[in-house]
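These are the residues of each chain, in order.
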Amino acid sequence: MQCTVRRPLPLLAWAALPLLVTAVVLGFTSLGELLLGASGETVLTSAHAGAAAGLTAMVGYSIEWPAGWRKAHWTYAAVILIAGFFVHGTNVPPIVAITLGVPGAALLLRMTWLHRAAGKRGTVVRETEPKRRVVQAPSMPRPAITNKA
């Protein structure tokens, strides 16, 4: 299935996306642990960075890149993924995770709301591919079917 209309995400929002997603996941994990009475720190793993890198790479397709910058979204996603290997196993204090995660979730929701509202107004809707002219071959007459019995 191919989507014919995409609403490109602004470059700054795209660059902040992996950091926001990781902060939101850590924040809500810490908040859940706090509400359940589990003590301890939340662990930042390479899985968090892997999910953020994958999301960054996929959303990077919707950005209108200047000529020659198309590979930047793959490079940035790779940097996020490699950084995940270096921060794997890092303990994050619950207060830090919650302090970054809850406002991060609010910011992510606000970005999503603004992005959808702009798409409904039609201000950032663009066509992804030029329209192609469909040429049909001339139809041949069908042979008559006779019932010889």
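Shown above is the structure to which this text applies.
No experiment lies behind these values; they were computed from the predicted model shown. (Residues numbered from 1 in each chain as written. Predicted model: local features only at pLDDT ≥ 70, side-chain atom pairs only at ≥ 80, totals over all residues. Heavy atoms only, no water.)

A word on the overall build of the protein chain
On a plain count of helices and strands, the protein chain comes out with four helices and four strands. Helices (α) and strands (β) of the protein chain occur, in sequence order from the N terminus, as β-α-β-α-α-β-α-β. Per-residue burial over the protein chain gives 28% buried out of 149 residues. Within the protein chain, contacts between residues at least 6 apart in sequence are counted, and of these 81% link residues at least 24 apart. When the accessible surface of the protein chain is totalled, it reaches about 11,000 Å², and 67% of it is carbon and sulfur. (Helix = DSSP H or I, 4+ residues; strand = E, 2+ residues; numbered from the N terminus. Buried < 20%, exposed > 50% of the residue type's maximum accessible area, 1.4 Å probe, protein only. Contact = heavy atoms within 4.5 Å. Areas by Shrake-Rupley, 256 points an atom, 1.4 Å probe, with all protein chains shown as cover.)

Digging into the nonpolar core
Ranked by size, the top nonpolar core spans seven residues in total: Leu9, Ala13, Trp14, Leu20, Ile63, Trp65 and Met111. In terms of residue count, the dominant contributor to this core is helix 1 (residues 11–36) (three residues). (Core = buried A, V, L, I, M, F, W, Y, C linked by side-chain atoms within 4.5 Å.)

A look at the layout of surface pockets
Computed from the structure, the second largest pocket encloses a volume of approximately 170 Å³. Residue lining of the second largest pocket: Pro18, Leu19, Thr22, Leu44, Thr45, His48, Ala49, Ala52, Ile80, Ala83, Gly84 and Val87, and that is the complete set. At the level of elements, helix 1, helix 2 (46–59) and helix 3 (72–87) are the ones that each hand at least two residues to the lining of the second largest pocket. With four residues, the single largest contributor to the lining of the second largest pocket is helix 3. Among the residues forming the lining of the second largest pocket, the class breakdown is eight nonpolar, four polar and no charged. (1 Å grid on protein atoms, 1.4 Å probe; cavity = no way out; pocket = protein on both sides within 12 Å on 5 of 7 lines; lining within 4 Å. Points joined across faces, edges and corners; volume = space filled by probe spheres on them. Nonpolar A, V, L, I, M, F, W, Y, C, P; charged D, E, K, R; others polar.)

Section: a nonpolar patch on the surface
On the surface, a cluster of nonpolar side chains totalling about 520 Å² of accessible area is made up of Leu81, Ile82, Phe85, Phe86 and Val87. Considering the arrangement of structural elements, one finds Ile82 in helix 3. (Patch = residues over 30% accessible without salt bridge, like charges linked within 9 Å, V, L, I, M, F, W, Y side chains within 5 Å. Salt bridge = Lys/Arg side-chain N within 4 Å of Asp/Glu carboxyl O.)

Considering the side chain of Thr56
One can find Thr56 in helix 2. If near-sequence neighbours (up to four positions away) are discounted, Thr56 is found in contact with Trp14, Pro18 and Tyr76.

Thoughts on the packing of aromatic side chains
Scanning the model with the defined rule gives one aromatic pair in all. Judged by centre distance (5.0 Å) and plane angle (50 degrees), the ring pair of Trp14 and Tyr76 falls under tilted. Note that Trp14 is positioned in helix 1 and Tyr76 in helix 3, a separation of 62 residues in sequence. Classification of Trp14 by relative accessible area gives buried; the value is 3%. What makes Tyr76 partly exposed here is its relative accessible area of 23%. (Phe/Tyr/Trp six-rings, centres within 6.5 Å; stacked < 30°, edge-to-face > 60°.)

Read these as layout, nothing more, since geometry by itself doesn't imply function.
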